[in-house]
Amino acid sequence: MNTRKDEAARVLRNATRRIEQSGSDTPYLDALLLLASAMGLTREQLYARTRDPLEETTVRCFETLVGRRLRGEPIAYILGRQEFYGLSFAVDRRVLVPRPETELLVDVALRLLANRPCARVHDCCTGSGCIGIALAHERPDFFVSLSDISPEALEIARKNADRLLDREIPIVESNFLDRLAAGEAPWRRELSERYGRPFDLITCNPPYLTTAEMQELRGEQALSCTPFPSGPAAAARVPATEPALALDGGRDGLDAVHRVIQTALATMSKNGYILIEAADAQAQRVEQLLQTAGFTETFIERDLSGLRRVIGGAA
Ligand code: GLN
């Protein structure tokens, strides 16, 4: 029997190499986060303990996690959490993994509403709830509500809201803004009773990948899990990918954007704002759509990579 224990640094190097070969852009960080999780440590604690010998059970647990990463599963799903705006959000395959560039939308929202106490904010296509919950966390005076078409996503959003906020916020199943704009009871009634007036801000990070981008993504995912084994092991080897519902925006990627813009004005107060995330190549078109729908003072904000990312306008 081999009694020599592997030390963390060696196990880490070996896993980094394998993860790199599988196409990850951040192989060392991936391996580090997975090993820290297997050892029950934070990343910072692990830095100080890379010479530690590892128990066999820890190595086995780590290898299971690395296997999932090698099959293309996002690190956030494996760890079950993702940082966003300084908060740790629970995530799994039912929701999109919050992206750092989406933090820009929160920044812009806070700036626009800096002088509006008790603003009413609705986050549409909320997924994990990251945008709405970050806003509610930053501004305890805001009345924030969340909606998504996916009841599964809303379970995660509810969990995050309960964990991260010290107040309860309304979370409702709705296809885009349909249940707010159409005046449908009881959701509409509950909101107006609770809030007294329409929204000062609608935020939305809709699905905005084009059909071609979706196909490319699916191709990459298929590659990352070939060769497919057959038999009972096969199901366990299918990677957990992000939900198509959260990504697929139709032919030009703007199906969802159209839907949100068409219905938004009916839900908003005068002087209210709308903020939508989109891809750089779509930004100008989204701004035009806002203008055509009757929004004024439209603008486009660039993210830290210089890409046009957030499009906004006033009602
Ligand atoms: N609002 C969530 C996010 O920004 C989910 C977005 C989506 O599912 N398209 O991450």
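Since this is a predicted model, take the numbers as computed values, not measurements.

Draft legend 1. Structural view of the packing of aromatic side chains. All told, the structure shown has two aromatic pairs when counted by the stated rule. With a centroid separation of 6.5 Å and an interplanar angle of 45 degrees, the aromatic rings of Phe84 and Tyr85 are classed as tilted. Accessibility expressed as a relative area gives 0% for Phe84, which makes it buried. Between Phe84 and Phe89, the ring centres sit 6.1 Å apart and the planes meet at 75 degrees, which makes this aromatic pair edge-to-face. A single burial state applies to Phe84 and to Phe89, both of which are buried. Taken together, the ring pairs in this structure connect Phe84, Tyr85 and Phe89 into an aromatic cluster.

Draft legend 2. View of the sheet that holds strand β7 (residues 268-277). Here seven strands make up an open sheet; going across it, the order is β5-β4-β3-β6-β7-β9-β8 and the pairing mixed. Only two strands of the sheet have a single neighbouring strand rather than two, namely β5 (171-173) and β8 (296-302). The mean angle between the axes of side-by-side strands here comes to 15 degrees, regardless of whether they run parallel or antiparallel. Here β8 runs beside strand β9 (residues 308-314); their pairing, made up of five bridges, is antiparallel. Bridged to Phe299 within β9 is Gly312. Those strands touched by helix α7 (residues 130-138) are β3 (120-124), β4 (143-148) and β6 (199-204), and its axis lies near 170 degrees from that of β4. Most of the contacts of helix α14 (residues 283-293) go to β9, to which it runs at about 10 degrees, and overall it touches β7, β8 and β9.

Draft legend 3. Molecular detail of the environment of Leu289. Mapping Leu289 onto the fold places it in helix α14. Along the sequence, Leu289 and His258 sit 31 residues apart, while their C-alpha atoms lie 7.5 Å from each other. When near neighbours in sequence (up to four residues on either side) are disregarded, Leu289 contacts Val257, His258 and Ile261.

Draft legend 4. Layout of the nonpolar core. With 34 residues, the main nonpolar core has Val121, Leu135, Leu201 and Leu275 as its most contacted residues. Mapped onto this core, the elements with two or more residues apiece are β2 (87-90), α6 (103-112), α7, β4, α8 (151-164), β7 and β9. In this view, Leu201 contacts Ala109, Leu113, Arg120, Val121, His122, Leu135, Tyr273, Ile274 and Leu275; residues no more than four positions away in its chain are not counted. By size, the runner-up hydrophobic cluster in this structure holds 24 residues, among which are Phe176, Leu180, Ile202 and Ile274.

What counts, and at which threshold
- Residues numbered from 1 in each chain as written.
- Predicted model: local features only at pLDDT ≥ 70, side-chain atom pairs only at ≥ 80, totals over all residues.
- Heavy atoms only, no water.
- Phe/Tyr/Trp six-rings, centres within 6.5 Å; stacked < 30°, edge-to-face > 60°.
- Buried < 20%, exposed > 50% of the residue type's maximum accessible area, 1.4 Å probe, protein only.
- Pairing = 2+ DSSP bridges.
- Helix = DSSP H or I, 4+ residues; strand = E, 2+ residues; numbered from the N terminus.
- Axes fitted to C-alpha atoms, helices over the stretch in contact; angles between N-to-C directions.
- Contact = heavy atoms within 4.5 Å.
- Core = buried A, V, L, I, M, F, W, Y, C linked by side-chain atoms within 4.5 Å.

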